Amino acid sequence: MTAITPRVPPVDRAPVSLDAVVGADPSATPGPRPVRAMALQHIPLSRIVSLELRKSFDTRTGFWLMASIGIASLLATIGVILFAAAAERTFSTFTLATGFPMAIILPVIAILSVTSEWSQRSGLTTFTLVPHRGRVILAKGIAVVLVAIASMLLAFAIGAAGNVVGALIAGTDAIWDQSLAVLGAIVLGNTLVLLVGFMLGLLIRNSAGAMVAYFVFGFVAPPLLELLAFTQDWFRDVHPWVDPNVTQKLLFHGPLVGEQWSQLGATTLVWLVVPITVGLWTMLRAEVK
């Protein structure tokens, strides 16, 4: 025999709300609900900076760029020991030799720290986890400055070791001809050079384009401006006020004096502060793909 299942009549029932399930008054006006972005505002800036520092070492390119700082400083120090005359093996010679590679490597690190969010398409993830782009860019800036300071301290340590080794080879006393003020001026000069790369990364947001722009800015434009100042009398007095490389180079030989600080401030404002402001403004409004 076939069993006959009795038909159950449908029951009209209104949908039950979540508030009714948890025991809340369904007639009450719902209050503001927490927003995830509001919680993200409270992520400490130090945590974002540490994350950006970690990202500088995570990739193979970043690792070898960081390693190249020590390798280049070591090769420059060995070159001074092998090829410089005994009288020229001073601490200033070693610091200048190790400072030249920094002027190339540090801006590249700064450029990649910004452009990697667009070239590697990690910007969607980064700005989703931390939707406040300004804090991310600030953390990147702090991270690259910390890298620059640590790199220069490492270069000074390698140069100091080279100075001692060179003196032992020559059989003379080591010559320490640079004060802390001079070393501080060198760190300031390399930091400004690094911030130029950071500025170009913000403006262009493309790794190859920003690197080409940096080499034009740092190695092509200065000789042309010097030639113009040499051949044109009207430009000779204006040159230090429009060419940032003039006063930045002087920083590698010691602290500036008098009017040189005004020239450095004017060129930094025009070629660094204003472009960074424009780049930050455009980046905050650019579509991340």
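On the surface, Phe 63, Trp 64, Ile 71, Leu 74, Leu 75, Ile 78, Leu 82 and Phe 83 cluster together to form a nonpolar patch covering roughly 910 Å² of accessible area. Secondary-structure assignment places Phe 63 in helix α4 (residues 60–83).

If you trace the backbone, Ser 207 turns up in helix α9 (residues 207–231). For Ser 207, a relative accessible area of 15% gives the class buried. Only 2.8 Å separates the side chain of Ser 207 from the side chain of Thr 115, close enough to count as a polar contact. Setting aside its immediate chain neighbours within four residues, Ser 207 contacts Ile 111, Leu 112, Thr 115 and Ser 119.

Below, the discussion takes up the packing of helix α7 (residues 133–170) against helix α13 (residues 259–285). The N-to-C vectors of α7 and α13 enclose an angle of 135°; their axes lie 10 Å apart at closest approach. The orientation of α7 relative to α13 falls into the category oblique. Helix-helix and strand crossings are classified by hand; for α7 and α13 the assignment is right-handed. Within the contact between the two elements, α7 uses Arg 133, Gly 134 and Ile 137 and α13 uses Leu 280, Met 283, Leu 284 and Arg 285. In the contact of α7 with α13, the residues fall into 4 nonpolar, 1 polar and 2 charged.

This paragraph deals with the pattern of salt bridges. What the rule picks out here adds up to 4 salt bridges. One salt bridge connects Glu 52 with Lys 140, and the closest N-O pair in it is separated by 2.9 Å. Taken together, the residues Glu 52 in helix α3 (residues 45–58) and Lys 140 in helix α7 connect sequence positions 88 residues apart. Close ionic contact of Arg 236 with Asp 233 constitutes a salt bridge, the shortest N to O distance being 2.8 Å. Taken as a pair, Arg 236 and Asp 233 lie in helix α10 (residues 233–236) at a separation of 3 residues, close to a single helical turn. What emerges from the salt-bridge pattern is a single network uniting Glu 52, Lys 55 and Lys 140.

For the rest of this paragraph, the subject is helix α8 (residues 180–204). Helix length check: α8, at 25 residues, gives a terminal C-alpha distance of 36 Å against a target of 36 Å (1.5 Å per residue), a fit within 8%. Counting buried positions along α8 gives 18 out of 25 residues, so the element sits mostly inside the fold. After α8 finishes, the residue Arg 205 shows a positive phi value of roughly 55°.

Another point: the packing of aromatic side chains. Two aromatic rings, taken as a pair, are described by how far apart their centres are and by the angle between their planes. In total, this model carries 7 aromatic pairs according to the counting rule given. Both rings, one in Tyr 214 and one in Phe 219, keep their centres 6.1 Å apart while their planes meet at 85°; by these two values the pair is edge-to-face. For Phe 219, a relative accessible area of 36% gives the class partly exposed. Ring centres of Phe 217 and Trp 271 lie 5.9 Å apart, and the angle between their planes is 65°; this geometry places the pair in the edge-to-face category. With a gap of 54 residues between them, Phe 217 in helix α9 and Trp 271 in helix α13 connect regions that are remote in the sequence. The class for Phe 217 is buried, based on a relative accessible area of 16%. Given the relative accessible area of 37%, Trp 271 is considered partly exposed. By the ring-pair criterion, three or more aromatic residues cluster together here, those being Tyr 214, Phe 215 and Phe 219.

Calculation criteria
- Residues numbered from 1 in each chain as written.
- Predicted model: local features only at pLDDT ≥ 70, side-chain atom pairs only at ≥ 80, totals over all residues.
- Heavy atoms only, no water.
- Patch = residues over 30% accessible without salt bridge, like charges linked within 9 Å, V, L, I, M, F, W, Y side chains within 5 Å.
- Areas by Shrake-Rupley, 256 points an atom, 1.4 Å probe, with all protein chains shown as cover.
- Salt bridge = Lys/Arg side-chain N within 4 Å of Asp/Glu carboxyl O.
- Helix = DSSP H or I, 4+ residues; strand = E, 2+ residues; numbered from the N terminus.
- Buried < 20%, exposed > 50% of the residue type's maximum accessible area, 1.4 Å probe, protein only.
- Polar contact = N/O pair within 3.5 Å; in protein donor to acceptor, adjacent residues only side chain to side chain.
- Contact = heavy atoms within 4.5 Å.
- Axes fitted to C-alpha atoms, helices over the stretch in contact; angles between N-to-C directions.
- Parallel < 35°, antiparallel > 145°, perpendicular 65-115°, else oblique.
- Left-handed = near helix turned anticlockwise from the far one by under 90°.
- Nonpolar A, V, L, I, M, F, W, Y, C, P; charged D, E, K, R; others polar.
- Expected span 1.5 Å × (residues − 1).
- Phe/Tyr/Trp six-rings, centres within 6.5 Å; stacked < 30°, edge-to-face > 60°.

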